[in-house]
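Notes for the structure review
The residues making up each chain are set out below.
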Amino acid sequence: MAFSVAHNQASMQARGQVTEWIAEGRLNRWFGWLTLLIGVVLASWLDPWLLSTSKAAALDVEGISVWRHAQGVIIAMGLLQLAMSRLLSIRCFPTRTQVVAGSLTTAGAICYCGGYALGTTWANFQQLILAGSLANLLGFALLWRSGPTGPHAAMIRIVLPVACFGMLLDFTTGILQLMPPLVVTQFFGGANEVSLRMLR
């Protein structure tokens, strides 16, 4: 009986520590630095090749431009995770809301980065881009709906709609990854043309 009570108390304490760890944005911060490290490693592999290329057409032949885009996405998502970590560390939302939003945005970042990285080789994994962008959108929308409190509330109310709009654009880009190339080319041009690059 005493062992059972002690075990339950230890379990509750462990869950409370994990909850607090996520609510304070530490999960987002950890994954943000990890993705930035991965992005830098990819850059060390891609940059020497790109800087030695004399013709842009060679990028498409080797598929390096696709990896460059994936590397840019990974770095951008890492920066977004660090920004989310900073936002959660202010503690201007209810704890439960922060835990859910932190979990959603971290899971979304994992799916989003994985979709772009794995999608360079296996097209079916590009569906992860949609799942990741949708999870990020839900995380930021949850914070926006909850409404911040405290001295930074006014600034955060401006930032959150912008983040939601960015995630909506990411979702749109994910849909383009799943559309037939001919349809995308008709509306936005080729992969190296201005319209598609601006959307990305």
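Preceding block: the structure.
Figured I'd write up the structure that's included with this text.

What counts and how
Residues numbered from 1 in each chain as written. Predicted model: local features only at pLDDT ≥ 70, side-chain atom pairs only at ≥ 80, totals over all residues. Heavy atoms only, no water. Helix = DSSP H or I, 4+ residues; strand = E, 2+ residues; numbered from the N terminus. Buried < 20%, exposed > 50% of the residue type's maximum accessible area, 1.4 Å probe, protein only. Contact = heavy atoms within 4.5 Å. Areas by Shrake-Rupley, 256 points an atom, 1.4 Å probe, with all protein chains shown as cover. Salt bridge = Lys/Arg side-chain N within 4 Å of Asp/Glu carboxyl O. Expected span 1.5 Å × (residues − 1). Polar contact = N/O pair within 3.5 Å; in protein donor to acceptor, adjacent residues only side chain to side chain. Phe/Tyr/Trp six-rings, centres within 6.5 Å; stacked < 30°, edge-to-face > 60°. Patch = residues over 30% accessible without salt bridge, like charges linked within 9 Å, V, L, I, M, F, W, Y side chains within 5 Å. Axes fitted to C-alpha atoms, helices over the stretch in contact; angles between N-to-C directions. Parallel < 35°, antiparallel > 145°, perpendicular 65-115°, else oblique. Left-handed = near helix turned anticlockwise from the far one by under 90°. Nonpolar A, V, L, I, M, F, W, Y, C, P; charged D, E, K, R; others polar.

1. Regarding the overall build of the protein chain
- Within the protein chain one finds nine helices and zero strands.
- Shown N-terminal to C-terminal, the secondary structure of the protein chain runs as helices and strands in the order α-α-α-α-α-α-α-α-α.
- Counting the 200 residues in the protein chain, one finds 36% classified as buried.
- When contacts within the protein chain are restricted to residue pairs at least 6 apart in sequence, long-range pairs at least 24 apart make up 70% of them.
- Per element, the accessible surface of the protein chain, about 11600 Å² overall, is 69% carbon and sulfur.

2. Considerations on the pattern of salt bridges
- One pass over the structure, following the stated rule, counts two salt bridges.
- Residue Arg91 is joined to Glu20 by a salt bridge in which the shortest nitrogen-to-oxygen separation is 2.8 Å. Of this pair, Arg91 sits in the loop between helix H4 (64-89) and helix H5 (95-119) while Glu20 sits in helix H1 (residues 2-23), placing them 71 residues apart in sequence.
- Across the pair Arg26 and Glu24 runs a salt bridge whose closest N-O atoms are separated by 2.9 Å.

3. Points about helix H6 (residues 127-146)
- Across its 20 residues, H6 extends 29 Å between first and last C-alpha, which sits within 8% of the 28 Å expected from 1.5 Å per residue.
- Two residues or fewer after H6 comes Gly147, characterised by a positive phi angle close to 85°.

4. Observations regarding the environment of Gln98
- For Gln98, the position within the fold is in helix H5.
- Considered as a pair, Gln98 and Leu87 are eleven residues apart in the sequence and their alpha carbons are 9.5 Å apart.
- Ignoring sequence-local partners within four residues, the contact set of Gln98 consists of Ile22, Ala23, Leu88, Arg91, Cys92 and Phe93.
- A distance of 3.0 Å separates the side chain of Gln98 from the backbone oxygen of Leu88, its partner in a polar contact.

5. Focus on the packing of aromatic side chains
- The tally for this structure, following the rule as stated, stands at one aromatic pair.
- Ring centres of Tyr112 and Tyr116 lie 5.1 Å apart, and the angle between their planes is 70°; on these two criteria the pair is classed as edge-to-face. You can see Tyr112 and its partner Tyr116 sitting in helix H5, four residues apart, about one turn around the helix. Summarising the burial analysis for this pair, Tyr112 and Tyr116 share the class buried.

6. Here's the deal with a nonpolar patch on the surface
- A grouping of Trp21, Trp30, Leu34, Leu37, Ile38 and Val41 is seen on the molecular surface, where their side chains present a nonpolar patch of about 570 Å² in accessible area.
- It is helix H2 (residues 26-51) that contributes the most residues to the nonpolar patch, five residues altogether.
- With relative accessibility at 31%, the residue Leu34 sits in the partly exposed group.

7. What about the packing of H5 against H6?
- At their nearest, the axes of H5 and H6 sit 7 Å apart, and the two run at 160° to each other. What the angle tells us is that H5 and H6 run roughly antiparallel. Where H5 crosses over H6, the handedness of that crossing is left-handed. Here H5 contributes Thr97, Val100, Ala101, Leu104, Thr105, Gly108, Ala109, Cys111, Tyr112, Gly114, Gly115 and Tyr116 to the contact with H6, which in turn contributes Leu128, Ile129, Gly132, Ser133, Ala135, Asn136, Leu138, Gly139, Phe140, Leu142, Leu143 and Ser146.
- In terms of residue class, the contact of H5 with H6 is made up of 14 nonpolar, ten polar and no charged.

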